[in-house]
Amino acid sequence: MESKLKAAFIYNFAKFVEWPASAGNDTTDQPFVIGIFGDDRVIKELMAIEDKTVKGKKLRVRILSNTKRINGCHVIFISASEENNLITILNTLKNSDILTVSDMNNFIEKGGIIGFVRMENKIRFDINLKAAEESNLKIRSDLLSLARKIKH
């Protein structure tokens, strides 16, 4: 159930984030790609909604084993299983027009953009606005108002 909820959050985050034109958002023939690092049940849930539309593009899910396959990704979910590789992944993604999301502890403090947090058996999220701006992403105020914490 939790993985299904996280997948729904990731899908819906995309609706409230604006990517620069350089991220290929000016054409509808390119898919909207969510990349996933690590082994997580979220993969199965995101695969179940593949082919839905995000910003007029078909959703595609790409399982990533290394940072060489990140080209074309709009969102990257980094599973908690990738904690040992987090710094390498984030350094590669820095200033790359890619929204990073994770369920890792203290993800936004480590430089990620949106981090899931569990509070009283509910899934909430924190946003690192500075990291989003450095990645040329604009997060709409609707999403910011739902965040538990915003880091500036």
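Residues numbered from 1 in each chain as written. Predicted model: local features only at pLDDT ≥ 70, side-chain atom pairs only at ≥ 80, totals over all residues. Heavy atoms only, no water.

1. Notes on the pairing of strand β2 (residues 32–37)
It is a general feature of regular strands that their side chains alternate between the two faces of the sheet. Basically, it comes down to this: Only protein chains enter the area calculation, which uses a 1.4 Å probe; residues under 20% of their type maximum are buried, those over 50% are exposed, and those in between are partly exposed. Helix numbering and strand numbering both begin at the N terminus, where a helix is a DSSP run of H or I of at least 4 residues and a strand a DSSP run of E of at least 2. By this definition, two strands are paired if DSSP reports at least two bridges between them.
Among the 6 residues that make up β2, 6 are buried, leaving the element largely enclosed by the rest of the structure. Covered by surrounding structure in β2 are Phe32, Ile34 and Ile36 together with Val33, Gly35 and Phe37, the residues of both alternating faces. For β2 and strand β4 (residues 57–64), the ladder comprises 6 bridges, and the chain directions are parallel. Across the sheet, the residue bridging to Ile34 is Val61, located in β4. Where β2 and strand β5 (residues 73–78) come together, 5 bridges link them in parallel fashion. Across the sheet, Ile34 pairs through a bridge with Val75, a residue of β5.

2. A word on the sheet that holds strand β8 (residues 122–128)
Keep this limit in mind: For this analysis, residues touch if any pair of their heavy atoms sits within 4.5 Å. Axis definition: a line fitted to C-alpha atoms, limited for helices to the stretch in contact. Angles are taken between N-to-C directions and run from 0 to 180 degrees.
Read across the sheet, 8 strands follow the order β3-β4-β2-β5-β6-β7-β8-β10 without closing on themselves; strand pairing throughout is mixed. Bordering the open sheet on either side are β3 (53–54) and β10 (149–151), each of which pairs with just one other strand. Helix α3 (residues 86–93) contacts β2, β5 and β6 (99–102) of the sheet and is inclined by roughly 165° relative to β5.

3. Overview of the packing of aromatic side chains
Worth spelling out the cut-off: In this analysis, rings of Phe, Tyr and Trp, with Trp reduced to its six-membered ring, are considered paired at centre separations within 6.5 Å, and the interplanar angle assigns stacked below 30 degrees, edge-to-face beyond 60, and tilted for intermediate values. Look at NZ for Lys and CZ for Arg. If either is within 6 Å of the ring centre and within 35 degrees of the ring normal, a charge sits over the ring.
Applying the stated criterion to the full structure yields 6 aromatic pairs. Judged by centre distance (5.0 Å) and plane angle (70°), the ring pair of Phe13 and Phe125 falls under edge-to-face. Here Phe13, found in helix α1 (residues 2–13), pairs with Phe125, found in strand β8; they are 112 residues apart in sequence, far enough to count as distant. Taken individually, Phe13 and Phe125 each receive the classification buried, so the pair is uniform in this respect. Put simply, the rings of Phe9, Phe13, Phe116 and Phe125 touch in pairs and so form one group of aromatic residues. Over the face of the ring belonging to Tyr11 we find Lys52, whose NZ or CZ atom lies 5.1 Å from the ring centre.

Any link to function would need more than the numbers given here.
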